[in-house]
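A look at the structure
Below are the chains, spelled out letter by letter.
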Amino acid sequence: MTKILDGKALALTLRSKVKEEVATLRDAGHRAPHLAAILVGEDGASMTYVNSKEKDCEYVGFESSVYRLGADTTEEALLSHIASINNNKNIDGLIVQLPVPKHIDATKITESIHPDIDVDGFHTLNVGKLTIDEDTYISATPFGVIMMLEEYGIETRGKHCVVIGRSNIVGRPMSILMSQGGRDATVTICHRHTHDVGAFTRIADIVIVAVGIPEFLKPDMVKEGATVIDVGITRVDADNKRGYLLKGDVEYDTVKEKCSAITPVPGGVGPMTRYGLLHNTLKSYKNKFNL
Ligand code: NAD
């Protein structure tokens, strides 16, 4: 029987543990961990993500500050906002929700966040640490996937893992993590220039898909008994109340019949990503106070 890797349930359990830990810290007289988020403009998906992060903070007992800035905010103004948060000792984590409007240089913004509070793990210093196995903030989505594999006891050592997608926030860090000591997978990365992705995925024990193309991975691309992790989330128009449906990168109903374990969309990697951010914020807080 195919194991459904239920990210929603797992994230709830992990979030409850964070909540308990925060309550214990507060009982001992410590202040609450504090996550700040900056949102520039009114992108619908970004607004939803930031609202969820705010709700998650409330649930676990973190303080949260959300700065909602207009789409016409200048790069200079945003940088000065970030600088003031960097200097605020009461803030443990800062994220700037991407994408930012086109007139703002996203790399410049990412690099301006102090690495100690870069809980998204996008700063080059933190990415560099990841590549040489040093302790760092692992960006939330790859972290969530790793946690999920661990918690569900999916064996990775000596397995062939194919990661589809090489973005800085998902595919590339994912491939590094899977090859690291402890996980010890043999990793292949496929991307938009790969000829015949199926030739690689058909010999994979674990397939991690992050391309942003709904139902990209079909059953004839998957080996019998493989584990399939679907990172993709695309809004497709639908005749429902919200006007859209969330679709993953995997043709779920058919691929499910072939593999041994699979993540659904929604309810798979998404909630684990949200947990990843809480984990990193707590980590920053504990580092600050040597806890
Ligand atoms: P991206 O657009 O930055 O990268 C997409 C990658 O897919 C690229 O590296 C590209 O080379 C590769 N690609 C494109 N077409 C391909 C093809 N035909 N064959 C093979 N590779 C191909 O996207 P991203 O930021 O990495 O996000 C990927 C997906 O994951 C999106 O749907 C995004 O919404 C989703 N996502 C989900 C979460 C979550 O929490 N679940 C978090 C981040 C991103």
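Look up: the structure comes first, before these words.
The following paragraphs examine the structure supplied in this document. (Residues numbered from 1 in each chain as written. Predicted model: local features only at pLDDT ≥ 70, side-chain atom pairs only at ≥ 80, totals over all residues. Heavy atoms only, no water.)

Take the pairing of strand S4 (residues 93–96) next. Neither face of S4 is open: one carries Gly93 and Ile95, the other Leu94 and Val96, and all of them are buried. Looking at chain direction, strand S2 (residues 34–40) and S4 are connected through four bridges and run parallel. Note on S4: the bridge partner recorded for Ala37 is Ile95. (Buried < 20%, exposed > 50% of the residue type's maximum accessible area, 1.4 Å probe, protein only. Helix = DSSP H or I, 4+ residues; strand = E, 2+ residues; numbered from the N terminus. Pairing = 2+ DSSP bridges.)

Around the ligand, the surrounding shell holds 22 residues, and the nearest of these are Arg166, Ser167, Val231, Ile233 and Thr273. The separation between an oxygen atom of the ligand and a polar main-chain atom of Arg166 is 2.8 Å. Measuring from an oxygen atom of the ligand, one finds a backbone N or O atom of Ile233 at 3.0 Å. Summarising the interface, the protein chains cover 75% of the accessible area of the ligand, which totals 850 Å² for the free molecule. The dominant element in the shell around the ligand, judged by the number of residues it contributes, is helix H10 (residues 269–288), at three residues. In terms of residue class, the shell around the ligand is made up of 11 nonpolar, nine polar and two charged. (Near = heavy atom within 4 Å. Polar contact = N/O pair within 3.5 Å; in protein donor to acceptor, adjacent residues only side chain to side chain. Areas by Shrake-Rupley, 256 points an atom, 1.4 Å probe, with all protein chains shown as cover. Nonpolar A, V, L, I, M, F, W, Y, C, P; charged D, E, K, R; others polar.)

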